[in-house]
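This is what each chain is made of:
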Amino acid sequence: QVHLVESGGGLVQPGGSLRLSCAASGDTTLDYYAIGWFRQAPGKEREGVSCISSSEGVTYTADSVKGRFTISRNAAKNTVYLQMNSLKPEDTANYYCAIDTTRAYCSGNYYQPFLYDYWGQGTQVTVSS
């Protein structure tokens, strides 16, 4: 069983920044697997935001956030981050991290939720003045 915990969400003004964290408890080493960040706004489908592969850290990022969001990992802390800059009101959503324990590398279909087998509980990000 894999237990993921997101943190770092909150209320921020447009143009501001937040850094989300995704940590794993127990014996799970996040560095071995592909980790994805998703978001879901009320009334909308879950959207794939970014994915980071193990080791070499090859990443994919959605066009809607490219140039503003950066995914990274810290193996020593067993944590994956999502740095979010230049936030916009349309970025408001509940953000989730997820792990695909069957793959080490992200692929072009990283945004498909069904690829991931464990999810965190989410952290709310609200961008508003």
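Just so you know, these numbers come straight off a predicted model, no measurement behind them.

### A closer look at the overall build of the protein
Point 1. Check the secondary structure of the protein and you find zero helices and eleven strands.
Point 2. Sequence-ordered secondary structure for the protein, helices as α and strands as β, is β-β-β-β-β-β-β-β-β-β-β.
Point 3. Its C-alpha radius of gyration of 13 Å places the protein within 12% of the 14 Å reference for a compact globule of 129 residues.
Point 4. Taken over the C-alpha atoms alone, the protein extends approximately 40 × 25 × 25 Å along its principal axes.
Point 5. Taking all 129 residues of the protein together, 46% fall into the buried category.
Point 6. A separation threshold of at least 6 residues defines the contact pool for the protein, and within that pool the share at least 24 residues apart is 62%.
Point 7. Put simply, the protein shows about 6400 Å² of open surface, and 47% of that area lies on carbon and sulfur atoms.

### Thoughts on the pairing of strand S8 (residues 79–84)
Point 1. Burial analysis of S8 places five of its six residues in the buried class, which makes it a mostly covered element.
Point 2. Pairing between strand S3 (residues 18–25) and S8: six bridges, direction antiparallel. By the bridge assignment, serine 21 is partnered in S8 with tyrosine 81.
Point 3. In textbook terms, the turn of a hairpin is the stretch between consecutive antiparallel strands, and for strand S7 (residues 69–74) and S8 this stretch comprises four residues, one of which, asparagine 78, has a positive phi near 55 degrees.

Cut-offs used in this document
Residues numbered from 1 in each chain as written. Predicted model: local features only at pLDDT ≥ 70, side-chain atom pairs only at ≥ 80, totals over all residues. Heavy atoms only, no water. Helix = DSSP H or I, 4+ residues; strand = E, 2+ residues; numbered from the N terminus. Rg over C-alpha atoms; globule rule 2.2 N^0.38 Å. Buried < 20%, exposed > 50% of the residue type's maximum accessible area, 1.4 Å probe, protein only. Contact = heavy atoms within 4.5 Å. Areas by Shrake-Rupley, 256 points an atom, 1.4 Å probe, with all protein chains shown as cover. Pairing = 2+ DSSP bridges.

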